[in-house]
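# Close look at the chain arrangement
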Amino acid sequence: MISTRSNTGPPKRVLAVASAGGHWQQLMALRSAVANCDVLFATTLKELPEEFDAKPFIIIPDCNRNALWLGPWAAIVILFHILRFRPDAVISTGALPGLLALGVARVLRVRTVWIDSIANAEEMSMSGKLARRVADLRLSQWKHVADAEGADYMGAII
Amino acid sequence: MIFLTVGTQLAFPRLAKALDEYAARSNEEVIAQIGDDTESYPNLDVRRIMKPAEFAETFQRARIVVAHAGIGTILTARQHQRPLIIVPRRHELGEHRNDHQVATAKAFCDITGLHFAMETSELDALLRQPDLDPVSVDYSARHDDLVNGISEFISMLKTDHKDGPGLFARLFSRLGQPRAAVK
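Residues numbered from 1 in each chain as written. Chains lettered and ligands numbered in written order. Predicted model: local features only at pLDDT ≥ 70, side-chain atom pairs only at ≥ 80, totals over all residues.

The helix and strand inventory of chain A stands at six helices and seven strands. Ordered by position in the sequence, the α and β elements of chain A form the string β-α-β-α-β-α-β-α-β-α-β-α-β. Expected size for 158 residues packed as a compact globule is a radius of gyration near 15 Å; at 15 Å, chain A falls within 12% of this value. Taken along its principal axes, the extent of the C-alpha atoms in chain A is 45 × 35 × 30 Å. (Helix = DSSP H or I, 4+ residues; strand = E, 2+ residues; numbered from the N terminus. Rg over C-alpha atoms; globule rule 2.2 N^0.38 Å.)

When helices and strands are counted, chain B shows seven helices and six strands. Each helix (α) and strand (β) of chain B, taken in turn from the N terminus, gives the series β-α-β-β-α-β-α-β-α-β-α-α-α. Residues counted as buried form 36% of the 183 residues belonging to chain B. Once local pairs closer than 6 in sequence are excluded, the contacts in chain B between residues at least 24 apart make up 52%. (Buried ≥ 20, exposed ≤ 12 C-beta atoms within 10 Å, placed from the backbone. Contact = placed C-beta atoms within 7 Å.)

Further remarks concern the sheet that holds strand 5 (residues 111–115) of chain A. All names here are of chain A. Read across the open sheet, the seven strands follow the order 3-2-1-4-5-6-7; overall the sheet is parallel. Pairing within the sheet leaves two strands with one partner each, and these edge strands are strand 3 (57–59) and strand 7 (152–153). Sheet topology places strand 5 next to strand 6 (residues 137–140); three bridges connect them, and they run parallel. Within strand 6, the residue paired with Ile115 across the bridge is Leu139. (Pairing = 2+ DSSP bridges.)

Here the focus is the environment of A:Gln25. When you line up the elements, A:Gln25 lands in helix 1 (residues 22–29). A:Gln25 sits in the buried class, given 24 other C-beta atoms within 10 Å. Spatially, the C-alpha atom of A:Gln25 lies 9.2 Å from that of A:Thr93, the residues being 68 residues apart in sequence. Once residues within four sequence positions are removed from consideration, A:Gln25 is found in contact with B:Ile71, B:Gly72, B:Leu75 and B:Thr76.

Across the contact, 40 residues belong to chain B and 44 residues belong to chain A. Sorting the residues of the side of chain B that touches chain A by element identifies helix 2 (52–61), helix 3 (71–80), helix 4 (100–107), helix 6 (141–155) and helix 7 (167–176) of chain B as the ones contributing at least two each. Take the side of chain B that touches chain A: its biggest share by element is 14 residues, from helix 6 of chain B. Here the residues of the side of chain B that touches chain A are counted per class, giving 18 nonpolar, 15 polar and seven charged. (Nonpolar A, V, L, I, M, F, W, Y, C, P; charged D, E, K, R; others polar.)

Our next topic: the sheet that holds strand 2 (residues 30–33) of chain B. Residues and elements named next belong to chain B. The strand order across the open sheet built from six strands is 3-2-1-4-5-6, with neighbouring strands paired in parallel fashion. What marks the edges here is a single partner per strand, and that holds for strand 3 (45–47) and strand 6 (114–116). Pairwise comparison of adjacent strand axes, ignoring direction, gives a mean angle of 20 degrees for this sheet. When strand 2 meets strand 3, the two strands line up parallel, connected through three bridges. Counterpart to Ile31 in the pairing with strand 3 is Asp45. In this fold helix 3 packs onto strand 1 (2–5), strand 4 (64–67), strand 5 (84–86) and strand 6, with an angle of close to 165 degrees to the strand it touches most, strand 5. (Axes fitted to C-alpha atoms, helices over the stretch in contact; angles between N-to-C directions.)

Moving on, we get to helix 4 of chain B. Inspection of helix 4 of chain B places B:His100, B:Gln101, B:Val102, B:Thr104 and B:Ala105 among the buried residues, and these make up the whole buried set. Close packing links the buried residues of helix 4 of chain B with helix 3, strand 5 and strand 6 of chain B.

Residue and element names in this part refer to chain A. With omega at -10 degrees, the peptide bond leading from Lys55 into Pro56 counts as cis. Along the polypeptide, Pro56 turns up in the loop between helix 2 (47–51) and strand 3. Cis geometry is adopted by the peptide bond preceding Ala95, which originates at Gly94 and carries an omega value of 0 degrees. Within the secondary structure, Ala95 sits in the loop between strand 4 (89–94) and helix 4 (96–107).

Residues and elements named next belong to chain B. With burial as the criterion, each face of strand 4 is covered, one bearing Ile64 and Val66 and the other bearing Val65 and Ala67. As defined by bridge partners, strand 4 adjoins strand 5 across three bridges and the pair is classed as parallel. In the sheet register, Ala67 faces strand 5, and the bridge partner there is Ile86. Regarding topology, helix 3 serves as the crossover connection from strand 4 to the parallel strand 5, and that connection is right-handed. (Right-handed = clockwise from strand over helix to strand, strands pointing away.)

Residues and elements named next belong to chain A. Relative to the 16 Å expected for twelve residues at 1.5 Å per residue, helix 4 spans 17 Å between its end C-alpha atoms, a close match to the ideal helical length. Burial analysis of helix 4 places ten of its twelve residues in the buried class, the great majority of the element. Every buried residue of helix 4 is accounted for by Leu96, Pro97, Gly98, Leu99, Leu100, Ala101, Leu102, Gly103, Val104 and Ala105. Tucked into the core, helix 4 has its buried residues touching strand 1 (13–18), strand 2 (38–43), helix 3 (71–85), strand 4, strand 5 and helix 5 (126–130). Downstream of helix 4 by one or two residues, Arg109 has phi in the positive range, about 60 degrees. (Expected span 1.5 Å × (residues − 1).)

Here's what the structure looks like:
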C-alpha cells in the first residue's frame, strides 16, 4: 500500500494542478501520493474540489489549444498562487494549465512532476511532450509510451 | 433511464443521433449531456453542460451510461458501479484531433463492465440487454507503484522553507544578479 516512509522535517508543500474532467479524476486517483503533504489543489471548475472534498483549493482560468489567448492570464494567476503558497513541488496530470504551472514552477526553481494521462496509450500528449523541458519527473502511464518518449514509467492509475 | 455523456469540449453528433433514434424506438428516457452540439434531438432530454452534482446524480440513476472513450467517464463509472458502453471518437470522422480514444478503448478492453461499440449500429443490441455488467476494476499493483513512486520522489525533495532563502528571496536575488552568476 502507500509508503509510510518517515518524512524528516515539516510536511512538503505540494501544488497539485489538473483541468476539469479526466485530468482531475486522475489527480484524485493519485491523492494518496500526497497524503503526507500540505497540498493546495488547483483546477478549472469551481464545483469540482467541493465534490471531491479537495481542500484547500484554487481555481485557475482554463485554456487549451483552441483558447491559447487565455494562457498568459492563467500563467499570471498560477504565478501569484505559487509565490503565495511557496510549494516544494508542483505536480500535474494535465492539461495545458498544468503544463503552464510546471513552467512557472520551473522558472521559480520549484520541483515539478508531470503525470501524462492514461488516455495517451499510443503516444504522449502534446502537453506531455512539451513538459520534457519543465518537468523534473515526467511519467507516462504506459511503459511503451514512456520508452518511446524518453519519459519514466512507474505504474498507472488502473 | 439511459445517460449519454460526451464530455463538454467537443460535440459528438454521430452518437447523439444514434441515441435519439434509440429513444424514439424504445420509449426509454435518455438524458444527454452533449456540450455545444447545436443540432436538435427531439427524443433526448438534452442538458448542455451539467454541474458536477447533477452529473453524479444522473450517473447513479442511469440503467446504462453511454459515452465517448473519456477517462473521466470510465473512472466515474467505476466509482458509481454503472454499466458503461463506450463509443470511441474517430479521427477519420472528424470527431477528435487524433485516434487516442480508439487506443484508450483497446487498452481498457479487459475491464469488466466496459462495453465497446466502434459503430453506433452495435449499440442497439447492448442497450436492449436487461442486466449489463457494471464497471468494476480494483486498484491494481500498478496503481500502488505509481502512488508510491510519486510519493517517494516528493519525500526526497529538500524542503527549504524552514531554513535557507524562500522563494521570494531566491526569485529576487536571481533577478538582481547577472545571469552567469546564477548557477
